[in-house]
Amino acid sequence: MNDTMWHRLALLTALVQQAPQQRLGRTALMKLLFLLTTVRDVPVGYRFRMYTYGPFDSEVLSDVDYAARLDAVSVEMERYPNGYGYVIQPGSAAQDIMDRAQPFLEAHQPDIDWVTETFAPLAAGDLELLSTIVYVDREHRVSTLDEIVSTVQEIKPRFTSATIRQEAKRLQETGVVACSA
Amino acid sequence: MAHATHERTYEFRCPVHGFIEVNDWERSVIDHPVFQRLRRIRQLGWTDYVYPGSTHTRFEHSLGVMHVVTRMYNAISQQSRAVLQSQLGYDTTGVGTSRDRQLMRFAALLHDTGHAPFSHASEELLPNRPGTNRKYGHEDYSAEIIRRRLKDVIEKHPANENMRLTVDEIASLIDGTSGNRRVLFWRELLDGQMDADRMDYLLRDSLHLGVQYGRFDLDRIVATATAVEMMPEGSAGVECRLAVAKGGWHAAVGLILARYFMFTQVYFHKTRVAYDLHLRHALAHMLPGGVFPAPEDDKIDEYLKWDDWRVLGRLAEGKGGEHGQRLHERRHFRQVWESPESPLADAQERLDALRTELGDLLVAAERSEKSWYKTGNPDIRVANEDSDEVQPLSDYSPVVKQLKEAPHRQVRLYALPENADEGRRIVQEKLGGTS
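These numbers come from a predicted model, not from an experiment.

J.: Please clarify how the sheet that holds strand β4 (residues 73-80) of chain A should be interpreted in this entry.
T.: What holds strands together in a sheet is hydrogen bonding between their backbones, with the strands either parallel or antiparallel. Residues and elements named next belong to chain A. Spatial strand order, β1-β5-β4: three strands in an open sheet with antiparallel pairing. Looking at which strands have only one partner, the edges of the open sheet turn out to be β1 (24-25) and β4. Of the pairings in the sheet, the one linking β1 to strand β5 (residues 83-90) comprises two bridges and is antiparallel in character. Pairing of Gly-25 across the sheet is with Val-87, part of β5. Packing against the sheet, helix α1 (residues 3-18) makes contact with β1, β4 and β5, and its axis sits at approximately 90° to β5.

Shown next, in the form of structure tokens:
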């Protein structure tokens, strides 16, 4: 009963645990969860919508805060000129929380391995671009690579169309982006 | 001077905001049956069994959201002109601004057209998206209804000759599929930490229910809402974000506290939660297959037939099953235990133990994070004009910091009315006075 909450907390804890150096930025965690739920259909009930900062669901932030309250993760704020961010690391109760959802984690271990090996090493800015490409491919009414490139560039003008195309093609080759042309 | 018909304006008297002005174009949309249906969808489902004044509908809320969005839009457009021009490419003529304002007004007006009967109480009965584990949301229905049923009334109105708004622009703003970065920026006014939807329903629900919990200083928030340039986490360049100026941070705290109080005192009220549960089961009993029709062209009209009147009619005919009968007779499940608002691991262990002890007496366990009206993450951005710094609200306010660090995750356990005393006795025996 009500397992979804534990699945979510265990999943985000496992992602942090398996990330390089066992640390993830909050934006990176958001995008990894987006990729897991959208590309791998991992059923944790998040509802991502597009914002200027890419696919986002505020429920992820709330879950991170609650995971921190249970010591499954620790969250530290980082300040830099003109902005701020958060670094998430495993907490003292990480294993306890993951144990609560062991069958779920085991069932989705290949998905967790896939997303942490392929995407977790990337910078948050790159993940924002890749997740935006995936969102446009899956949710927008586009059917060609050109349409994906032009839509993503309108949303994220700081990336050149050449960069967007290159990343979209790479995602297409690995089957993450579904558009055929 | 004579005005063209579409330049005429009309007023609705709103109990929260006073007169709400609409133009002829908007009025023709309001007159459409799709929008009039919202008169038959209550804002807070079955809440009037707890707060008798709660009989207001999505119709007046939608007008209110349009009004608040417009105030926010106008304030930000004036106060942050330079940022909007440099980051979002607005020119100095104001043409793009007025077109986008109209786009936002329509999106705000129509954002709830896809609601199922009794609003969020029935949201769990929306079907999954084909081939996925992800459910549709009412926004997906709103978007499809706009695309498929409001095209003529919006796109062919004489006022649209110059603006050339499309229903797809409005719909994609609502369902989050817009590829326009201006639209994505303004979208936060409809679905964000400081959005017009929330600000209207907190004030409106408070007024109708006769409580003070949801009141906050809307005027101050509007006056200090701003667009800022900031460096997002992991980004190489600055981007445009919605924030509140430093002078408005106390008003922003007021908004966060209003959300917290309304959630604990109204939206997650123990009896209201029980009635939501009964309504959900009664609806599942009367719906073919237990779910609403999907938001697809051939099923939209069938979906739109579902409103509160239809459900009440079926309940009166005894078609709501056991839970419909409970609604009719006011024999709702009774709470036998509630956890702390933000339980630590030991409270979770007590919950596990109680479930075992209660056994068959336990008929429902409802968690606050599953509620539509979540308290959510409270970190509104605060822009310090003196230092050009942007900081989260929790940096300014210890109260907000505490709320952020202890998210609401309450669990309520329920028994049948006839078993409630026995359930409470078992709880008392097991836990004593501990929650």
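J.: Before we go on, may I ask you to explain unusual backbone geometry in this structure?
T.: Where the residue is not glycine, phi is negative for most of them; where a peptide bond is considered, it is trans in most cases. Residues and elements named next belong to chain B. A positive phi angle is found at Phe-118, which is not glycine, with a value near 60°. Given a relative accessible area of 2%, Phe-118 falls into the buried group. Residue Arg-164 is not a glycine yet carries a positive backbone phi of 55°. Among the secondary structure elements, Arg-164 is positioned in the loop between α8 (160-163) and α9 (167-175).

J.: Would you mind showing me how to read the domain arrangement of chain A here?
T.: How big an interface is tends to be stated in terms of the accessible area lost upon association of its parts. Residue and element names in this part refer to chain A. Examined at the domain level, chain A breaks down into domain 1 (1-121) and domain 2 (122-181). Spacing between the C-alpha centres of domain 1 and domain 2 amounts to 22 Å. At the interface, 20 residues of domain 1 touch 14 residues of domain 2. The junction of domain 1 with domain 2 conceals about 1400 Å² of combined surface from both sides, 73% of it contributed by carbon and sulfur atoms. On the domain 1 side of the interface with domain 2, the three residues burying the most area are Val-39, Met-50 and Phe-119, jointly 34% of the side's total. Applying the counting rule to domain 1 against domain 2 returns zero salt bridges. Going through the elements one at a time, α2 (26-39), β2 (49-51), β3 (54-56) and α6 (109-118) are the ones with two or more residues in the side of domain 1 that touches domain 2. Of the residues forming the side of domain 1 that touches domain 2, the biggest block, eight residues, is contributed by α2. Tallied by class, residues from the side of domain 1 that touches domain 2 come to 13 nonpolar, five polar and two charged.

J.: Which parts of the structure should I look at to understand the packing of aromatic side chains?
T.: Where two aromatic rings form a pair, the distance of their centres and the angle of their planes describe that pair. For the coordinates displayed, the defined rule picks out 25 aromatic pairs over all chains. Between the aromatic rings of Tyr-46 of chain A and Phe-48 of chain A, the centroid separation amounts to 6.0 Å while the plane-to-plane angle is 65°, which identifies the pairing as edge-to-face. According to the relative accessible area criterion, Tyr-46 of chain A is buried, its value standing at 2%. Here the guanidinium or amino end of Arg-40 of chain A rests over the ring plane of Trp-114 of chain A, the centre of that ring lying 4.4 Å away. Lying across the ring of Trp-309 of chain B, Arg-40 of chain B places its NZ or CZ 5.6 Å from the centre.

J.: Would you mind going over the environment of Thr-224 of chain B with me for this structure?
T.: Residue and element names in this part refer to chain B. Along the polypeptide, Thr-224 turns up in helix α12 (residues 218-224). Put simply, Thr-224 and Ile-76 are 148 residues apart on the chain and 8.4 Å apart in space, counted from C-alpha to C-alpha. Each residue touching Thr-224, except ones within four places of it in the same chain, is listed here: Gln-79, Ala-243, Val-244, Ala-245, Gly-247 and Gly-248.

About the thresholds
Residues numbered from 1 in each chain as written. Chains lettered and ligands numbered in written order. Predicted model: local features only at pLDDT ≥ 70, side-chain atom pairs only at ≥ 80, totals over all residues. Heavy atoms only, no water. Pairing = 2+ DSSP bridges. Helix = DSSP H or I, 4+ residues; strand = E, 2+ residues; numbered from the N terminus. Contact = heavy atoms within 4.5 Å. Axes fitted to C-alpha atoms, helices over the stretch in contact; angles between N-to-C directions. Buried < 20%, exposed > 50% of the residue type's maximum accessible area, 1.4 Å probe, protein only. Domains from an automatic or database assignment. Buried area = accessible area lost by both parts, 1.4 Å probe. Salt bridge = Lys/Arg side-chain N within 4 Å of Asp/Glu carboxyl O. Nonpolar A, V, L, I, M, F, W, Y, C, P; charged D, E, K, R; others polar. Phe/Tyr/Trp six-rings, centres within 6.5 Å; stacked < 30°, edge-to-face > 60°. Lys NZ or Arg CZ within 6 Å of the ring centre and 35° of its normal.

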